[in-house]
Structures are given as C-alpha cells and as structure tokens.
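# Structural description and commentary
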Amino acid sequence: MIPAWSVILVALAYLCGLFAVAHMADTSGRRMMMAGRARTTIYALALGVYCTSWTFYGSVGFASRAGFDFLGIYVGPILVIGLGHRFVARIVTIAKSQNITSIADFVGARYGKSERVAALVCLVAVIGALPYIALQLKAVANSLSVFLIATGGQALTPDVPVLSDLAFLVAMVLAGFACAFGTRHIDATEHQDGLVLAIAVESLIKLVAFLVLGVFVVYGLFDGFGDLLAKAANPPSGAPPIWERTSNWPTFLTLTLLSACASLLLARQFHMAIVENRDPRDVRRAAWMFPLYLILINLFVLPLAMAGELFLPGPGVDRDMTVLLLPLQQQANLLALLVFVGGLSAATAMVIVASVALAIMISNHLVMPLLLRGRRGLTDPNRVTEPESDNGASGGDLGSQVVIIRRIAILIVILLGYAYYRAAGEAALVSIGLLSFAATAQIAPAFFGGLLWRRGTALGAAV
C-alpha cells in the first residue's frame, strides 16, 4: 500500500517539475523547442488544455448516465479545429496583425476597438470560467480525498477548518503556480513559451495515464472488448446497457454546438489557439493532431464506464471517480497514482491557463483603463505594455503595477471559482461544465458577427 503522505508529495513534486519545464523553455531551451516541427507539435498538444477534469473524470460518469452523449463534447472541437482549420488560421492572422492579447481584445477590436464591448466580453468570460474552475477544484479535491481514504490518510486533514478543506488548499496551491507561470512577462503580446510547453507536457501525461488505465481494464480485468461488451450487456443494477442510455439527437446536437463555440471562445482555448500561436501554418498540423488526440483520450471512456458498473455496483458510488476507484479496488496502487497525476494534470492545465488569460483581460479591460485615465500622456488603454523610458522609472512603475494587478486577479478568479464550488454542492462534473459552456456561448454572436458582418456596430454587439 502506498503511504498517504506520498500522494501529497508526488502532487507537489509534479507541479514543481512543470515549473522547471516552463523555466527551461523560457531560457535555454527556447530556440530548440519553439522551431520547426517541435514547435508545431507542442502547439497542437497545448490545445489539449481543452481536455480538463471534465474529460478525465467526468466523461466516464457522463457515459454511465447518458451513453454516447459524451461524444458531443468532442465532435464540436473536431469540426472547428479539424475541418475549419482555415477559418482558425484566418483568426490567427487577424489577431497577429492587431497584436491581440485575449478574446475580449479581439471582439473589441472588431467593433472599432470598443473598450465597452471588450469589457463586456471580459465579464462574460469571467462568469463563464468560474463554473469550470470550480469543476477542476471539485475533481482534484474529490480524487485526492478518495486516494487518501483508500490509503488510510484521513489524519492528513486536521480539525482546523481551513486546513481540513482540500478544495481550498488546492485552490491556493494552483493560484500560486498560476502566478508563477503566467505573470513573468509584462507584455501580454509576448509568447509565453514556458507556459505552452508545460501545458503540452500535461496533455501528454493525462493522455498516457488514461490510455494505460484503459488497457489495464480492458485487457487486464477482461479478455478484450468483446468480453467486456458481453458482460456489460447485463449490468448488476438491472438497468439497460450503457449504450442504450443515449439521449435524442437534439440533445447531442446542442452539446456539439456548445462545444464548437467553446473550442474557440473559452478564454483558455482562445489564448492557446490564437494568442500563443507563432505561425498560422501551425494550425494546419493541429488540424489532424488535435482531433487525433481527442479520439485517443476518449477511446476507453465507454469501456471504463462499463467496467465501473460491473466492479463498482450500487447507487452510492461516485461515477465521476470511476477511473480512480477501479485501480484502487484492484490494489493497482502505482497505476492509481499515475491516474491521479493524470487527473491533476487535466485540472492544473485548465486552471493555470484560464486564470492567466482572465487576468490579462481583467487588467487590460477593467482595471488599467481606470488607472490610465488618471495618467497624462497615456492615451491607449487597449494595450498594456511597459512604456520605454531612458531611466526605466516610469515604465518600471507601470510594469510592477501590471504584475501586481494580474496576480491579484488570478487569486480573485480562483477564489471565486472556489466559492462557486462550495455553492454548487454535489452537482456532477458534467452539469457544472455545461453551465460554463452555455455562458461562454453568449460571446458567439458578437465574435462571429464581427468576423462575418462588417456593418456590425459596437452598440449592437453590446446589446
């Protein structure tokens, strides 16, 4: 049995390792990693930030409840990035020509650089991201709790209210790493190579963890897919087989439409796909690599859901934690630890990128415009960069303010996500995620209208 304290140690060591990777990419390894095929591969993998705890934990739980409905969450981004890669490349080209720093900046620029429109998009993006951040905190806290209980680590949660709240501790740790990852560059238009590489590494880790677990279950606990399907046809609960629980076509199409919008309009997706893109031609490679990634990470979702019902029967089982409960029940502790790290990767990638992207928007479109109005000589609130100065006094002062504002914004955003997690109670991961998708979809009319209709106005977009 793995000691309970080692789970915490592995999690912290993993996060420190990610920071080391990011630091290496930002210094000595930048030229080697951000050139040629290496750059395009890293870019395509970084788009895997789309696959969060919702994918790693929630998809199996969703499949247990609604069969093939979970596929709608991934058909949308496959259509947008795969079949619509030329459209995405066009957005990248426009963003580069105007030094775009965020989804709010992009939409505002399409309506005459309207700061009002940008601020509204920023607010909608923040509201839409809070349920998603709450989802990650819930998933990490629940998985950590399951692992600690299975390894006899209840004593690690003392009676001090704050210290006994795993979700709060996770939120604080992730806030610290988000500040370390995302506030080293004052200029938001500068590519954050370290962040991109760290997210690409996380994408690989969660994919490998999910595939290894799938192979273990299908070929270790069963004699292949055929054996699993035969046994899953008659679940112990007496319910119909999982594949017969799929909803109707309108539900599937709705999920597909929401996910298609989310694949570009979520703050973290726009940041990775558009802002961090170095060359529009990289989108062409991502057009097949990213859909392949989504197919691979969903390959064992239904088999794991079926195995969960066979090995973990009963109404009291948290189906969202099936991927962790299965190896723990089979005493495969090292595999369970790998799965836990994979789930941690899925959550940390989302929280770090989303909080950094939102912090840039909050500082550029909510806070700094108010501060800059009181400064004479600074007339462009849309772009927050460090002003050039011979002695560095003025630029350094403004630059330090920007860093402080962004760090405070990251902390506030993650704390608001934690507050939402507490308010949401025991809602399923997928239910929380769909709220985020629905909120983010409100940006779609202004976003696509600004691209396709040149006569659109800022007033119309705001309304």
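Residues numbered from 1 in each chain as written. Predicted model: local features only at pLDDT ≥ 70, side-chain atom pairs only at ≥ 80, totals over all residues. Heavy atoms only, no water.

## Concerning the packing of helix H1 (residues 4–26) against helix H10 (residues 193–221)
Note the threshold: Only C-alpha atoms enter the line fits that serve as axes; for helices the fit covers just the stretch in contact. Angles between N-to-C directions range over 0 to 180 degrees. Here a helix means four or more residues in a row that DSSP labels H or I, a strand means two or more in a row labelled E, and each is numbered from the N terminus. Working definition: roughly parallel below 35 degrees, roughly antiparallel above 145 degrees, roughly perpendicular at 65 to 115 degrees, and oblique for all remaining angles. Should the near helix be turned counterclockwise from the far one by less than a right angle, the crossing is left-handed, whereas a clockwise turn marks it as right-handed. Any pair of residues with heavy atoms lying within 4.5 Å of one another is described as a contacting pair. In this classification, the charged set is Asp, Glu, Lys and Arg, the nonpolar set is Ala, Val, Leu, Ile, Met, Phe, Trp, Tyr, Cys and Pro, and all remaining amino acids, among them Gly, are polar.
Between H1 and H10, the shortest axis-to-axis distance is 7 Å and the interhelical angle comes to 135°. In terms of axis orientation, H1 runs oblique to H10. Every pair of crossing elements has a handedness; the one defined by H1 and H10 is right-handed. Here Tyr14, Leu18, Val21, Ala22, Ala25 and Asp26 of H1 come into contact with H10, specifically with Asp193, Gly194, Leu195, Leu197, Ala198, Val201, Glu202 and Ile205. Looking at the contact of H1 with H10 residue by residue, the classes come out as 10 nonpolar, 1 polar and 3 charged.

## A short note on the environment of Tyr293
The condition is simple: Each residue's exposure class comes from its accessible area (1.4 Å probe, protein chains only) as a fraction of the maximum for that residue type: buried when under 20%, exposed when over 50%, partly exposed otherwise. Polar contact criterion, stated in full: a pair of N or O atoms within 3.5 Å, where within protein one must be able to donate a hydrogen and the other to accept it, and residues adjacent in sequence count only if both atoms are side-chain atoms.
Inspection of the secondary structure puts Tyr293 in helix H14 (residues 282–297). The exposure class assigned to Tyr293 is buried, which follows from its relative accessible area of 4%. Distance from Tyr293 to Gly48, taken between C-alpha atoms, is 7.4 Å for residues 245 residues apart in sequence. Those residues in contact with Tyr293 that sit more than four places away from it in its chain are Leu45, Gly48, Cys51, Ser203, Lys206 and Leu207. One polar contact links the side chain of Tyr293 to the main-chain carbonyl oxygen of Ser203, over a distance of 2.6 Å.

## Regarding the packing of aromatic side chains
Basically, it comes down to this: Two rings from Phe, Tyr or Trp (for Trp, the six-membered ring) form a pair when their centres sit within 6.5 Å of each other. Planes less than 30 degrees apart are called stacked, planes more than 60 degrees apart edge-to-face, and all others tilted.
Enumeration according to the criterion identifies 19 aromatic pairs in this entry. When the ring of Phe222 is compared with that of Phe311, the centres are 5.5 Å apart and the planes differ by 75°; the resulting orientation is edge-to-face. With a gap of 89 residues between them, Phe222 in the loop between H10 and helix H11 (225–232) and Phe311 in helix H15 (residues 301–311) connect regions that are remote in the sequence. The class of Phe222 is buried, set by a relative accessible area of 4%.

## So, the confidence of the model for the chain
Quick note on the threshold: Summary of the metric used: pLDDT quantifies the predictor's per-residue confidence within the range 0 to 100.
Counting all residues, the mean pLDDT for the chain is 85, and 86% of those residues have values of 70 or more. Taken together, the stretch residues 155–162 has pLDDT below 50 and engages in 10 contacts with residues farther than four places along the chain or on a different chain. Counted against residues more than four places away or in other chains, residues 384–395, with its pLDDT under 50, gives 15 contacts.

## Some remarks on the packing of helix H13 (residues 267–275) against helix H17 (residues 333–372)
Here H13 crosses H17 at 90°, and the two axes come no closer than 8 Å. Here H13 is positioned roughly perpendicular relative to H17, judged by the angle of their axes. Side by side, H13 and H17 meet where Ala267, Arg268, His271 and Met272 of the first sit next to Met350, Val353, Ala354, Ala357, Leu358, Ile360 and Met361 of the second. Tallied by class, the residues present in the contact of H13 with H17 amount to 9 nonpolar, 1 polar and 1 charged.

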